[in-house]
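Chain by chain, the residues run as shown.
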Amino acid sequence: MTARPSPTLAGISVANVTLDEALARIAAWLEQPGFRRMAVVNAAILLEAERDSDFRATLAAADLVTADGMSAVWATRWLPRLGGGLVARVTAPDVMEAVLARCERLGYRVYLLGATTEAVAAASHRLRHRFPALAVAGARDGYFAEADSVAVAEAIRAARADALFVAMGSPRQELWLARYGPRTGARFALGVGGYFDILAGQRKRAPRWMQACGLEWCFRLMQEPRRLWRRYLIGNAAFVLFLAREWRRAGERMRA
Ligand code: UDP
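A short tour of the structure in this document, coming up. (Residues numbered from 1 in each chain as written. Predicted model: local features only at pLDDT ≥ 70, side-chain atom pairs only at ≥ 80, totals over all residues. Heavy atoms only, no water.)

## Here we look at the nonpolar core
Link 1 in the chain: Grouped together as the largest cluster of nonpolar side chains are 38 residues, with contacts concentrated most on Met96, Val99, Phe165, Phe188 and Phe196.
Link 2 in the chain: Among the secondary structure elements, those contributing two or more residues to this core are α1 (19-31), β3 (36-41), α5 (92-106), β5 (109-114), α6 (117-130), β7 (163-167), β8 (188-191) and α9 (195-199).
Link 3 in the chain: Per-element tally for this core: the top contributor is α5, with six residues.
Link 4 in the chain: If near-sequence neighbours (up to four positions away) are discounted, Phe165 is found in contact with Met96, Val99, Leu100, Val110, Tyr111, Leu112, Leu113, Phe188, Leu190, Val192 and Phe196.
Link 5 in the chain: Counting residues in each nonpolar core, the second largest holds 27 residues, with Ala49, Leu59, Val65 and Phe239 among its members. (Core = buried A, V, L, I, M, F, W, Y, C linked by side-chain atoms within 4.5 Å. Buried < 20%, exposed > 50% of the residue type's maximum accessible area, 1.4 Å probe, protein only. Helix = DSSP H or I, 4+ residues; strand = E, 2+ residues; numbered from the N terminus. Contact = heavy atoms within 4.5 Å.)

Written out as structure tokens, the structure reads:
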């Protein structure tokens, strides 16, 4: 699709695409049979992938992986050894919004899986308001037992969903989609982290300028300091160390 070289981070090839290029790929998938899943990576997800080989393999096997965080984009630009500087950040919320608009236009059915019962109901309600012609095939919370996963997947299939958005946080949403996604009958699925809470109006998304400066984490930290301080403050330092390891590993690969 593109001649731009894609960098590898934590053993995962991150697609070097713009939002429009990613959307073109997804648009084609929606027309074709088969299940395709997309995932996004940011600093916290890459650290987890480095630590957890199952998660890493799950991400590496996704049909499309893009960088959701500015720090990951910058890292690929500063460290050419990683295989190529990313042209853009392609976030899960931006992809979801664009795919929803497309589904509304083309009559594809969408399913929302994740967050609390109240949040997913509110998110679905607000989406119906914003996209009046959108067919929301169904919505359910993300707090079910692992043992109920097959039933959840079958319910999505019964709802005849074409596109599936899963907001259960990482790594749960990615692992769930890899395992049960094909049973849902959807043709495209994407993990969107905490975005249903934002759609529901329970949490705010950072303003665009903060996103562009790579300060989205700072905005989220201000909203939920008690829950997130560890993730971000320790995580950011850990990400710098992670990049040093990646740099060394890339050098070893080049010499091998
Ligand atoms: N969540 C869920 N099931 C779970 C755990 C979490 O549906 O078992 C939801 C939670 O309600 C929230 C989202 O997953 O809406 C996780 O948000 P978070 O911001 O932690 O995700 P991130 O984008 O940071 O991965």
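Still to come is the rest of the account.
## Looking at the site of the ligand
Link 1 in the chain: In the region of the ligand, 16 residues are neighbours, and Gly142, Tyr143, Asp197, Arg220 and Arg231 sit closest.
Link 2 in the chain: Residue Ala167 places a main-chain N or O atom 3.2 Å away from an oxygen atom belonging to the ligand.
Link 3 in the chain: In the model, an oxygen atom of the ligand is placed 2.9 Å from a nitrogen or oxygen of the Arg203 side chain. (Near = heavy atom within 4 Å. Polar contact = N/O pair within 3.5 Å; in protein donor to acceptor, adjacent residues only side chain to side chain.)

## Quick notes on the sheet that holds β3
The strands making up a sheet are joined through hydrogen bonds of the backbone, oriented either antiparallel or parallel.
Link 1 in the chain: Across the sheet, six strands lie side by side as β4-β3-β8-β7-β5-β6; this open sheet has parallel pairing. Only two strands of the sheet have a single neighbouring strand rather than two, namely β4 (64-67) and β6 (135-140). Sheet twist, expressed as the average angle between the axes of neighbouring strands with direction ignored, equals 20°. (Pairing = 2+ DSSP bridges. Axes fitted to C-alpha atoms, helices over the stretch in contact; angles between N-to-C directions.)

## Looking at the pattern of salt bridges
Link 1 in the chain: On inspection of all chains with the given rule, the structure shows 18 salt bridges.
Link 2 in the chain: Overlapping salt bridges, with partners in common, bring together Arg89, Asp94, Arg205, Arg208 and Glu216 in one network. (Salt bridge = Lys/Arg side-chain N within 4 Å of Asp/Glu carboxyl O.)

## A word on the packing of aromatic side chains
Link 1 in the chain: Within this structure, the stated rule accounts for six aromatic pairs.
Link 2 in the chain: Consider the rings of Trp74 and Trp78, whose centres lie 6.2 Å apart with planes at 20°: the pair is stacked. Here Trp74 and its partner Trp78 are both found in helix α4 (residues 70-78), four residues apart, which amounts to about one turn of the helix.
Link 3 in the chain: One aromatic cluster is present, formed by Phe144, Trp176 and Tyr180 through successive ring pairs. (Phe/Tyr/Trp six-rings, centres within 6.5 Å; stacked < 30°, edge-to-face > 60°.)

## Remarks on α1
Think of an α-helix as turning once every 3.6 residues; residues three or four places apart then point the same way.
Link 1 in the chain: Under the 1.5 Å per step criterion, the end-to-end length of α1 is 19 Å for 13 residues, consistent within 8% with the ideal 18 Å.
Link 2 in the chain: Looking only at α1, the buried set comprises Ala22, Leu23, Ile26, Ala27, Trp29 and Leu30. Taken around the axis of α1, the buried residues stretch over an arc of 160°, which confines them to a single face. In α1, the exposed positions that point more than 90 degrees away from the buried face belong to Asp20 and Glu31. (Expected span 1.5 Å × (residues − 1). Arc of directions from axis to C-beta.)

## So, empty space enclosed by the protein
Over the atoms rolls a probe the size of a water molecule, and its path tells where empty space is left.
Link 1 in the chain: A complete count under the given rule lists two cavities of 30 Å³ or more for this structure.
Link 2 in the chain: As a volume, the largest cavity reaches approximately 40 Å³.
Link 3 in the chain: If you go around the largest cavity, the residues you meet are Arg37, Met38, Ala39, Ala62, Glu174, Leu177 and Gly191.
Link 4 in the chain: Class assignment for the residues of the lining of the largest cavity results in four nonpolar, one polar and two charged.
Link 5 in the chain: Looking at the second largest cavity, its volume works out to about 30 Å³.
Link 6 in the chain: Residue lining of the second largest cavity: Ile198, Arg203, Lys204, Arg220, Gln223 and Glu224, and that is the complete set.
Link 7 in the chain: Looking at the lining of the second largest cavity residue by residue, the classes come out as one nonpolar, one polar and four charged. (1 Å grid on protein atoms, 1.4 Å probe; cavity = no way out; pocket = protein on both sides within 12 Å on 5 of 7 lines; lining within 4 Å. Points joined across faces, edges and corners; volume = space filled by probe spheres on them. Nonpolar A, V, L, I, M, F, W, Y, C, P; charged D, E, K, R; others polar.)

## Regarding the pairing of β5
Link 1 in the chain: Burial runs high along β5: five of the six residues are buried.
Link 2 in the chain: Here five bridges tie β5 to β6, and the two strands are oriented parallel to one another. Across the sheet, residue Leu113 finds its bridge partner in β6, namely Arg140.
Link 3 in the chain: Here five bridges tie β5 to β7, and the two strands are oriented parallel to one another. Looking at β7, one finds that Gly114 is bridged to Ala167.

## Some points on the packing of helix α11 (residues 216-223) against helix α12 (residues 225-255)
Link 1 in the chain: Viewed as axis vectors pointing N to C, α11 and α12 meet at an angle of 150°, and their least axial separation amounts to 7 Å. With respect to their mutual orientation, α11 and α12 come out roughly antiparallel. Crossing of α11 over α12 shows left-handed handedness. Contacts between α11 and α12 pair Trp217, Arg220, Leu221, Met222 and Gln223 from the former with Pro225, Arg227, Leu228, Trp229, Arg231, Tyr232, Leu233 and Asn236 from the latter.
Link 2 in the chain: A breakdown of the residues in the contact of α11 with α12 according to their chemical character gives eight nonpolar, two polar and three charged. (Parallel < 35°, antiparallel > 145°, perpendicular 65-115°, else oblique. Left-handed = near helix turned anticlockwise from the far one by under 90°.)

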